[in-house]
Amino acid sequence: MDIKDLQKIVINALEDVKAQDIQLFDTTGLTSMFDRIAVASGTSSRQTKALAMSVRDKVKQAGGNVVSMEGENTGEWVLVDLGDMVVHVMQPTIRAYYRLEEIWGEKAISLATAKRTPRKPAVAAKTASKTSGKKTPATKTASEPASKKRAPRKVTTKTAVTETAAARTPAKKTAAAKKPAAKTAKPATKKSASTAAPKSSAKRKAAE
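Every chain is numbered independently, its residues counted from 1 as its sequence is written. At least 70 in pLDDT is required for a residue's local features to be given in this predicted model, at least 80 for side-chain atom pairs to be given and counted, and no such filter applies to totals for whole chains, interfaces and linings, which use all residues. Here the side-chain values reflect all heavy atoms present in the structure, with hydrogen atoms and water set aside.

Chemist: Is there a simple way to explain helix H1 (residues 3-16) in this structure?
Modeler: One turn of an α-helix holds 3.6 residues; hence residues three or four places apart share an orientation. Only DSSP runs of H or I with at least four residues qualify as helices, and only runs of E with at least two residues qualify as strands; both kinds are numbered from the N terminus onward. Under the convention used throughout, the expected extent of a helix is 1.5 Å for every residue step, that is, one less than its residue count. Taking 1.5 Å of rise per residue, 14 residues should cover 20 Å, and H1 covers 20 Å from first to last C-alpha, within 8% of that figure. Summary of the burial criterion: residues with accessible area below 20% of their type's maximum are buried, those above 50% are exposed, and those between are partly exposed, where the area comes from a 1.4 Å probe applied to protein chains only. Within the sequence span of H1, burial applies to Ile3, Leu6, Gln7, Lys8, Ile9, Val10, Ile11, Ala13 and Leu14. Each element contacted by the buried residues of H1 is listed here: strand E1 (20-26), strand E2 (36-41), helix H2 (45-61), strand E5 (85-90), strand E6 (108-109) and helix H5 (111-114). In the stretch just after H1, lysine 18 is the one whose phi turns positive, near 60°. The contact rule is simple, with two residues in contact once any of their heavy atoms fall within 4.5 Å.

As structure tokens, this is what we get:
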């Protein structure tokens, strides 16, 4: 669980049972064992137990990890170990004696910032993914017309080749058909010439 989500759950759990003088500290620069410490006061041992149990239950409901819980027998000082965060619920006299704020209070975090919902970056990431998701169909649609334009070019070249081949073959056939016509025309001229020759010879004989 994110530390910002965890600290928000802890503060809300303490406020639900009306904890007093809630303070939150950032301990990342002081120790590597945990990142946050929360200190709160309860007016009685019964309230300190209830505060610690509220923190434990709310963190478990949110899916967080509760490492351990100590001091619930007496209720004077109840510690809830959440791994990245440690919660100290103490009675006022015990709290004034140990002064944990002086040890861990170098970087105090206001409760207003701790209770803010750290989901705005997640929403921005979602909107960014949505816009990127919108861009991808645009690229797909842009590539689809390109593929469609290429396909007709292949078809037209194929049809052009077949059409030109079909146009060439009839031309050869018609040329072949014309050649026999020319041959038949030549005998016709020979016959006319032969028939004309006997007529002229007959006239010459009659004249003589």
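Chemist: What's the story with the packing of aromatic side chains in this structure? I'm lost.
Modeler: Ring pairs (aromatic) are described by centroid distance and by the angle formed between their planes. For this analysis, a ring pair means two rings from Phe, Tyr or Trp (six-membered ring only for Trp) whose centres lie within 6.5 Å, classed as stacked if their planes differ by under 30 degrees, edge-to-face if by over 60, and tilted for the remaining angles. One pass over the full model with this rule turns up three aromatic pairs. For the ring pair tryptophan 77 and tyrosine 98, a centre distance of 4.8 Å and an interplane angle of 50° mean the geometry is tilted. Here the residue tryptophan 77 occupies a position in strand E4 (residues 77-81), and tyrosine 98 occupies one in helix H3 (residues 92-98), the gap between them amounting to 21 residues. On the basis of relative accessible area, tryptophan 77 is assigned to the partly exposed category, the value being 27%. With a centroid separation of 5.0 Å and an interplanar angle of 90°, the aromatic rings of tyrosine 97 and tyrosine 98 are classed as edge-to-face. Residue class for tyrosine 97 comes out exposed when judged on its relative accessible area of 65%.

Chemist: What should I look at first to understand the side chain of serine 54 in this one?
Modeler: Take serine 54: it is sitting in helix H2. Contact partners of serine 54, with chain neighbours within four places excluded, come to Ala13 and Val17.

Chemist: What am I meant to see in the pattern of salt bridges here?
Modeler: For side chains bearing opposite charge, pairing can occur when the charged atoms are close. Note on definitions: salt bridges are taken to be side-chain nitrogens of Lys or Arg within 4 Å of carboxyl oxygens of Asp or Glu. Scanning all chains against the criterion turns up six salt bridges. With its nearest N and O atoms 2.6 Å apart, the salt bridge here joins lysine 58 to aspartate 16. Of this pair, lysine 58 sits in helix H2 while aspartate 16 sits in helix H1, and the two are 42 residues apart along the sequence. A relative accessible area of 29% means that lysine 58 is categorised as partly exposed. A salt bridge links glutamate 101 to arginine 95; its shortest N-O distance comes to 2.7 Å.

Chemist: Is there a simple way to think about the pairing of E2 in this case?
Modeler: Counted residue by residue, E2 has six buried out of six residues, so it is predominantly covered. Taking every second residue as pointing to the same face, both faces of E2 are buried, with Arg36, Ala38 and Ala40 on one and Ile37, Val39 and Ser41 on the other. Think of it this way: DSSP has to see at least two bridges between two strands before they count as a pair. With five bridges joining them, E1 and E2 adopt antiparallel strand pairing. Across the sheet, phenylalanine 25 pairs through a bridge with isoleucine 37, a residue of E2.

Chemist: What exactly am I supposed to notice about H2 here?
Modeler: Between its first and last C-alpha, H2 extends 24 Å over 17 residues, near the 24 Å set by a 1.5 Å rise per residue. By the burial criterion, the buried members of H2 are Gln47, Thr48, Leu51, Ala52, Ser54, Val55 and Val59. Along the long axis of H2, the arc covered by the buried residues comes to 155°, so they all point the same way. Those residues of H2 that are exposed and angled more than 90 degrees off the buried face are Arg46, Lys60 and Gln61. Taken together, the buried residues of H2 touch H1, E2, strand E3 (68-70), E4 and E5. Of the residues one or two after H2, glycine 63 is the one with positive phi, at around 90°. The arc in question is traced by the directions running from the helix axis to the C-beta atoms.

Chemist: Even after reading the chapter, I still don't get the packing of H1 against H2, so can you show me in this structure?
Modeler: If you want to describe how two helices pack, look at the angle between their axes and the distance between the axes. The convention used is that axes are lines fitted to C-alpha atoms, helices contributing only their stretch in contact, and that angles between N-to-C directions extend from 0 to 180 degrees. H2 packs onto H1 with a crossing angle of 140° between their chain directions and a minimal axis gap of 8 Å. Classed by the angle they form, the pair H1 and H2 counts as oblique. Handedness of the H1/H2 crossing: right-handed. On H2, the residues touching Leu6, Ile9, Val10, Ala13, Leu14 and Asp16 of H1 are Leu51, Ser54, Val55, Lys58 and Val59. Put simply, Ala, Val, Leu, Ile, Met, Phe, Trp, Tyr, Cys and Pro go in the nonpolar bin, Asp, Glu, Lys and Arg in the charged bin, and everything else, Gly too, in the polar bin. Within the contact of H1 with H2, the residues separate by chemical class into eight nonpolar, one polar and two charged. Relative orientations are named as follows: roughly parallel for angles under 35 degrees, roughly antiparallel for angles over 145 degrees, roughly perpendicular for angles from 65 to 115 degrees, and oblique for any other angle. Helix crossings get a hand from a simple test, with the near helix turned counterclockwise from the far one by less than a right angle marking a left-handed crossing and a clockwise turn marking a right-handed one.

Chemist: Help me understand the environment of glutamate 106 in this model?
Modeler: Position of glutamate 106 among the secondary structure elements: in the loop between helix H4 (100-104) and E6. Between the C-alpha atom of glutamate 106 and that of glycine 29, which follows or precedes it by 77 residues, the distance is 9.1 Å.

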